[in-house]
Amino acid sequence: MIRAGGISHPNEIIDKKVKAFYDYFHYSISRNRDVSKYDLENHLTLLEKIILRAQKFGSHPSSVWVIKHYLHSHSLLDRKNDRFSRKGKIAQKLKEIKTICSKEHKQIDFEQVVTLAEEAVTLFHEMLHKEANSYFQGILYNLIGVLGCEHDFEEHKDEIIYYSKLLAVEYLRAGFEIDELDGNNGVFNKILSTTIQPDPDNPLKAYVGFPITKRLEEKRGSKEFVKEVTNYLENRTFVEQFEGLYTIYNREYDGTFVYKIDNISVSGNKKLNVEFDEVTFFHPDNLGFDLSEWDKYEKEQLDAFIPDENGILASVDLAYKSLRKGGKVALYKIRNSLGLFHYRFGGRGHIQTNKVYVFKGKGARYSWEDKSVRGYNHFDEEVILMPNKSLSESVKKFIHSCDIILFRAFGTEFWDDEILYFWRYLERVFNDFDYDMKEKGRKIIKNTAKVFFLSEKSFLGNSLRLTIANILINSDKTVLSLSDETRLKMRRDRHFFDDIEKLRGLAQYDFWTELFGTYDSLESEVQYAKYKDFYGKVLNELYEQRNTILHQGDYCFSTIENLQLILPSLFKRFRTSLVKFANENPEICEPKALLEGLLVQHLD
């Protein structure tokens, strides 16, 4: 959901700025965002990915390509134009890294790259603002200065957009889930909250809906807590309110994540307790957590979770910012370690991935996610485009064999498997092309990007239309200067949002106007070049992660996390373009000729 201008301030100049910050922060994490402009990277994510690749994957040419692309193509590491990378010591350090990585692959000193990149990370933490001691604080204090100054919005618009993106990405880098930054429990709703709810059953407990200072947090549970928090809220300044963003960012939890493993019989071994690579596998009788303060209902829920004699439990101790992200990390660790049982005893034990307990002290949180497949009465072409029966048997067999691989990518629980299946799909699609093995990866990437571009304008246009519709539906009409007549049409006409051109001019708001400007530039050469570079990066990261998973049993978690947000949509577009072209050209009888015809549609 995108709601424009969801924050306000009594000063007219500041009000316009904080609204813009709110808008661009949320757009940068929106599923419908311009993914090339808001690519979920900041200075630290790029440097950390370079460090990881130099430490672990430097032997692979595909990883070296990715390192060089980050250094030489990403605007955030531009020593002349980026707001922070052009700072003296930071610029010098980046220059040294780029000089080393400009050499041929075998001549690169990866140990030196790691040392210099780590020094650059330290500089980014120290040099962004004189009052800050971290990268996040540095960005935040610069932002607060811009928001609170007397200059008009137009003078600081670019800075606000820049800081908005960096802060959003920094939350993700720290371990938050993208969906947790928005909505009712998102970071802005927390700093805007004024909720204080004392616990009637325990005067020493209270729920506070907004972030509080460390000093107040330390008084939680005391008799003075509610009074002091109330006083803080009543006297909180604009700066203190925005500093709450850092309080949220800086908060970390510790817990033990416990998943259930089915299809492992341990009825004769109740003492089972095996540790392997940060994971402990144990018999349910050895749960060992303090349940002394649990009520009857909580214990019944736990009993329902604990497996019978054909199952065990697996636990991982983690520090986490986000319960969902922590659960994913724990799940991957357990999945990788579960192979120990398969190796030693055979069989196929499997994890119940939709249920997890997180134990902390005498309490626990239970999380359940419905991962069942939803069925529909009408499974028509609008849901999935299928090949026509009139196609040649060779083409139908080709599309079917490709689909088997692609659909597995969408059905797997695990990101590393998803990466492998996506690349296997591309290898199957271009299987009949006579590529030299040394050039195979690069040529697959080049041709795949061409197919992506076939649906570029319609996809981007639809994404912008959905964003604009979201804003109209969810925003305060006074913020957008919407007329009552327009509101009435929105409620009565179910086709109101179908045509983006009919929406033009209905609202008066800067962010809204800019979205139409983006739509109008979709066919420009600048837009084309921007996406050509972006898709090259994404596909090279896919190829690189496939290589490291396949050859080293390892991967870059943050890279795969970003790819997982982008690739499903791209590959659906790829398949749709392929099947649509086949259906429109039934006279083409062979897969290779079909692909050659598809690729000819794109002009460099």
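**As for the overall build of the protein chain**
- Counting its regular elements, the protein chain contains 24 helices and nine strands.
- Relative to the compact-globule value of 25 Å for 604 residues, the protein chain shows a C-alpha radius of gyration of 27 Å, a close match.
- Reported as C-alpha extents along the three principal axes, the dimensions of the protein chain are approximately 80 × 75 × 60 Å.
- Per-residue burial for the protein chain yields a buried fraction of 50% across its 604 residues.

**Things to note about a negative patch on the surface**
- A cluster of acidic residues, Asp-295, Glu-298, Glu-300 and Asp-303, forms a negative patch at the surface.
- Residue placement: Glu-298 occurs in helix H12 (residues 296-305).
- By relative accessible area, Glu-298 is classed as partly exposed at 35%.

**A few points about the pattern of salt bridges**
- Enumeration according to the criterion identifies 37 salt bridges in this entry.
- The salt bridge partner of Arg-83 is Glu-159, with a shortest N-O separation of 3.8 Å. Here Glu-159 lies in helix H7 (residues 153-174) and Arg-83 lies in the loop between helix H3 (61-73) and helix H4 (88-101), a separation of 76 residues in the sequence.
- The class of Arg-83 is partly exposed, set by a relative accessible area of 27%.
- Between Lys-489 and Glu-485 there is a salt bridge whose closest N-O contact spans 3.9 Å. With Lys-489 and Glu-485 both in helix H19 (residues 484-492) and four residues apart, the pair spans about one turn of that helix.
- Linked by salt bridges that have partners in common, Arg-31, Glu-177, Asp-179, Arg-324 and Lys-328 make up one network.

**Concerning the confidence of the model for the protein chain**
- Looking at the protein chain as a whole, its pLDDT mean stands at 89, while 97% of the residues score no less than 70.
- Under a pLDDT of 50 for its full length, residues 377-382 has, in the predicted model, two contacts with residues more than four places off or in other chains.

**Some thoughts on the nonpolar core**
- If you look at the biggest cluster of nonpolar residues, it comprises 174 residues, and the most contacted ones within it are Phe-21, Phe-25, Tyr-171 and Tyr-425.
- Not counting chain neighbours up to four residues away, the residues in contact with Tyr-425 comprise Cys-402, Ile-405, Leu-406, Phe-571, Phe-574, Arg-575 and Leu-578.

**Considering the environment of Leu-570**
- Among the secondary structure elements, Leu-570 is positioned in helix H23 (residues 557-584).
- Owing to a relative accessible area of 3%, Leu-570 belongs among the buried residues under this scheme.
- Spatially, the C-alpha atom of Leu-570 lies 32 Å from that of Phe-84, the residues being 486 residues apart in sequence.
- Residue contacts for Leu-570: discarding those within four places in its chain leaves Phe-452, Tyr-535 and Val-538.

**Here's the deal with the packing of aromatic side chains**
- Applying the stated rule across the entire model yields 53 aromatic pairs.
- Ring geometry for Tyr-531 against Tyr-535: centres 5.6 Å apart, planes inclined by 55 degrees, an arrangement best described as tilted. Of the two residues, Tyr-531 and Tyr-535 both sit in helix H22 (residues 525-552), four residues apart, roughly one turn of that helix. Like Tyr-531, the residue Tyr-535 is buried in the burial classification.

**Quick word on the side chain of Glu-177**
- Its location among the elements puts Glu-177 in the loop between H7 and helix H8 (187-192).
- A residue is classified by how much of its surface remains accessible, and Glu-177, at 6% relative accessible area, is buried.
- Not counting residues within four places of it along the chain, the set of residues in contact with Glu-177 comprises Leu-172, Ser-322, Arg-324, Lys-325 and Lys-328.

**Quick word on the state of the cysteines**
- Evaluation of the coordinates by the stated rule reveals zero disulfides.
- Here Cys-402 is not cross-linked by a disulfide; its sulfur's nearest cysteine counterpart is in Cys-589, at 17 Å.
- In this model Cys-556 remains outside any disulfide bridge; the closest cysteine sulfur is found in Cys-101, 16 Å from its own.
- Assessed through its relative accessible area of 2%, Cys-556 is described here as buried.

**A few points about the environment of Thr-518**
- With respect to the helices and strands, the residue Thr-518 is situated in helix H21 (residues 510-520).
- The class of Thr-518 is partly exposed, set by a relative accessible area of 22%.
- In this structure the C-alpha to C-alpha distance between Thr-518 and Thr-122, which are 396 residues apart in sequence, comes to 36 Å.

**Observations regarding the packing of helix H1 (residues 12-28) against H7**
- At their nearest, the axes of H1 and H7 sit 8 Å apart, and the two run at 40 degrees to each other. The angle between H1 and H7 places the two elements in the oblique class. Our pair here, H1 against H7, has a crossing hand that is right-handed. Side by side, H1 and H7 meet where Lys-16, Lys-17, Ala-20, Phe-21, Tyr-24, Phe-25 and Ser-28 of the first sit next to Phe-153, Glu-154, His-156, Lys-157, Ile-160, Ile-161, Ser-164, Lys-165, Leu-167, Ala-168 and Tyr-171 of the second.
- Residue classes in the contact of H1 with H7 are distributed as ten nonpolar, three polar and five charged.

**Observations concerning the packing of H4 against helix H5 (residues 110-127)**
- At a minimum axis distance of 9 Å, the contact between H4 and H5 shows a crossing angle of 160 degrees. Comparing their axes, H5 and H4 come out roughly antiparallel. Read as a crossing pair, H4 and H5 show a hand that is left-handed. When H4 is examined against H5, the residues Lys-89, Ile-90, Lys-93, Glu-96, Ile-97, Ile-100 and Cys-101 are found in contact with a partner set consisting of Gln-112, Val-113, Leu-116, Ala-117, Glu-119, Ala-120, Leu-123, Phe-124 and Met-127.
- Of the residues that constitute the contact of H4 with H5, the class distribution is eleven nonpolar, one polar and four charged.

**So, H22**
- Compared with the 40 Å implied by 1.5 Å per residue over 28 residues, the 40 Å span of H22 between its first and last C-alpha is a close match.
- At the exit of H22 stands Gly-553, carrying a positive phi of roughly 60 degrees.

**Side note on unusual backbone geometry**
- Residue Leu-40 is not a glycine yet carries a positive backbone phi of 60 degrees.
- Along the chain, Leu-40 turns up in the loop between H1 and helix H2 (43-57).
- Positioned with a positive phi, Asp-277 is a non-glycine residue whose angle comes to about 50 degrees.
- Position of Asp-277 among the secondary structure elements: in the loop between strand E4 (273-276) and strand E5 (279-282).
- On the basis of relative accessibility, which here comes to 53%, the residue Asp-277 falls in the exposed class.

What counts and what doesn't
- Residues numbered from 1 in each chain as written.
- Predicted model: local features only at pLDDT ≥ 70, side-chain atom pairs only at ≥ 80, totals over all residues.
- Heavy atoms only, no water.
- Helix = DSSP H or I, 4+ residues; strand = E, 2+ residues; numbered from the N terminus.
- Rg over C-alpha atoms; globule rule 2.2 N^0.38 Å.
- Buried < 20%, exposed > 50% of the residue type's maximum accessible area, 1.4 Å probe, protein only.
- Patch = residues over 30% accessible without salt bridge, like charges linked within 9 Å, V, L, I, M, F, W, Y side chains within 5 Å.
- Areas by Shrake-Rupley, 256 points an atom, 1.4 Å probe, with all protein chains shown as cover.
- Salt bridge = Lys/Arg side-chain N within 4 Å of Asp/Glu carboxyl O.
- Lys, Arg positive; Asp, Glu negative; His and termini not counted.
- Charge placed at Lys NZ, Arg CZ, Asp CG, Glu CD.
- pLDDT = per-residue confidence, 0-100.
- Contact = heavy atoms within 4.5 Å.
- Core = buried A, V, L, I, M, F, W, Y, C linked by side-chain atoms within 4.5 Å.
- Phe/Tyr/Trp six-rings, centres within 6.5 Å; stacked < 30°, edge-to-face > 60°.
- Disulfide = S-S within 2.5 Å.
- Axes fitted to C-alpha atoms, helices over the stretch in contact; angles between N-to-C directions.
- Parallel < 35°, antiparallel > 145°, perpendicular 65-115°, else oblique.
- Left-handed = near helix turned anticlockwise from the far one by under 90°.
- Nonpolar A, V, L, I, M, F, W, Y, C, P; charged D, E, K, R; others polar.
- Expected span 1.5 Å × (residues − 1).

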